[in-house]
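Topology and contacts: notes
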Amino acid sequence: MTHALLVIDMQIDFCPGGALAVAGGDDIVPGINAAMQYFDAVILTQDWHPAGHSSFASSHDAAPMSMMDMPYGPQVLWPDHCIQGSIGAQFHPDLATDRADLIIRKGYNPAIDSYSAFFENDRGTPTGLDGYLRTRGIDRLTLVGLATDYCVNYSAVDAAKLGFRVTVDVALCRAIDFDGSLRAATDGMAAAGVQIA
Ligand code: VGL
Ligand code: ZN
């Protein structure tokens, strides 16, 4: 098997002090760096929103973490984060980005959020990552990064549905855990056949 490490959204805005900080988000950087050498490929994702993105509460005069019905379904409204070209959108400065074969950006469509590295939140618009992995012969994925219950979860479930053998290394992930989201994500990943390590 050809096994890739998929590092999800290890960006300044998701680490303590960032706009959408995940508790302990920066604690996992050394472990992720150390893990990279054991994989055939390392791929990073980067949340990459235009200013005024439809997933931002500020775009709707709404409270952060409130819900909104979008044409594609319910959407959490987030604080402004990971704006293209901003400091907050940069990778954590200690992340070993030189090791990455590919950096895949997501969330650039102004009208649709993209938690998953494979499909936007309409669940149908592909990012192209599936084709990249297949053409490289990668059939096994281990996911680490932020946040366990959103972008890691959606990416892992999509990968399993697409036929990859998928492990989530939860020791190298941290969660937002908003309104039961971590429990729901863990159950959903297990139901999709994702290995939780
Ligand atoms: C994420 C919320 C909004 C994540 C990204 O990386 O889990 N969460 N954008
Ligand atoms: Zn985002």
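For the structure itself, look to the data block above.
Below is a short write-up of the structure.

About the thresholds
- Residues numbered from 1 in each chain as written.
- Chains lettered and ligands numbered in written order.
- Predicted model: local features only at pLDDT ≥ 70, side-chain atom pairs only at ≥ 80, totals over all residues.
- Heavy atoms only, no water.
- Buried < 20%, exposed > 50% of the residue type's maximum accessible area, 1.4 Å probe, protein only.
- Helix = DSSP H or I, 4+ residues; strand = E, 2+ residues; numbered from the N terminus.
- Pairing = 2+ DSSP bridges.
- Right-handed = clockwise from strand over helix to strand, strands pointing away.
- Donors = N, O, S within 2.8 Å, 3.2 Å for Na, K, Ca; no water.
- Tetrahedral: all angles 85-135°; square planar, octahedral: opposite > 155°, others 65-115°.
- Phe/Tyr/Trp six-rings, centres within 6.5 Å; stacked < 30°, edge-to-face > 60°.

In this section: the pairing of strand β1 (residues 3-8). Judged by how many residues are buried, β1 sits mostly within the fold: six of six residues are covered. Relative to strand β6 (residues 140-146), β1 is paired through six bridges, and the arrangement is parallel. Within β6, the position partnered with histidine 3 by the bridge is arginine 140. One crossover worth recording links β1 to the parallel strand β2 (residues 41-47) by way of helix α1 (residues 29-35), and it is right-handed.

Taken together, Asp47 (OD), His49 (NE2) and His81 (NE2) make up the protein donors of the zinc ion (ligand 2), found 2.0 to 2.2 Å from the metal. Coordination at the zinc ion (ligand 2) comes from four donor atoms whose angles at the metal span 88 to 168 degrees, giving a geometry best classed as irregular. Here aspartate 47 falls in the buried class, since its relative accessible area comes to 3%. Residue classification places histidine 81 among the buried residues on the basis of a relative accessible area of 4%.

Before going further, it helps to examine the packing of aromatic side chains. The full count for this structure, using the stated rule, is five aromatic pairs. Where tyrosine 115 meets tyrosine 154, the ring centres are 4.9 Å apart and the plane angle is 70 degrees; that geometry is what we call edge-to-face. Within this pair, whereas tyrosine 115 is found in the loop between β5 (102-106) and α2 (129-135), its partner tyrosine 154 is found in helix α3 (residues 148-161), the two being separated by 39 residues in sequence. Among the residues examined, tyrosine 115 registers a relative accessible area of 7% and is labelled buried. A residue is classified by how much of its surface remains accessible, and tyrosine 154, at 29% relative accessible area, is partly exposed.

Keep in mind that these numbers describe shape and distance, not what the molecule does.
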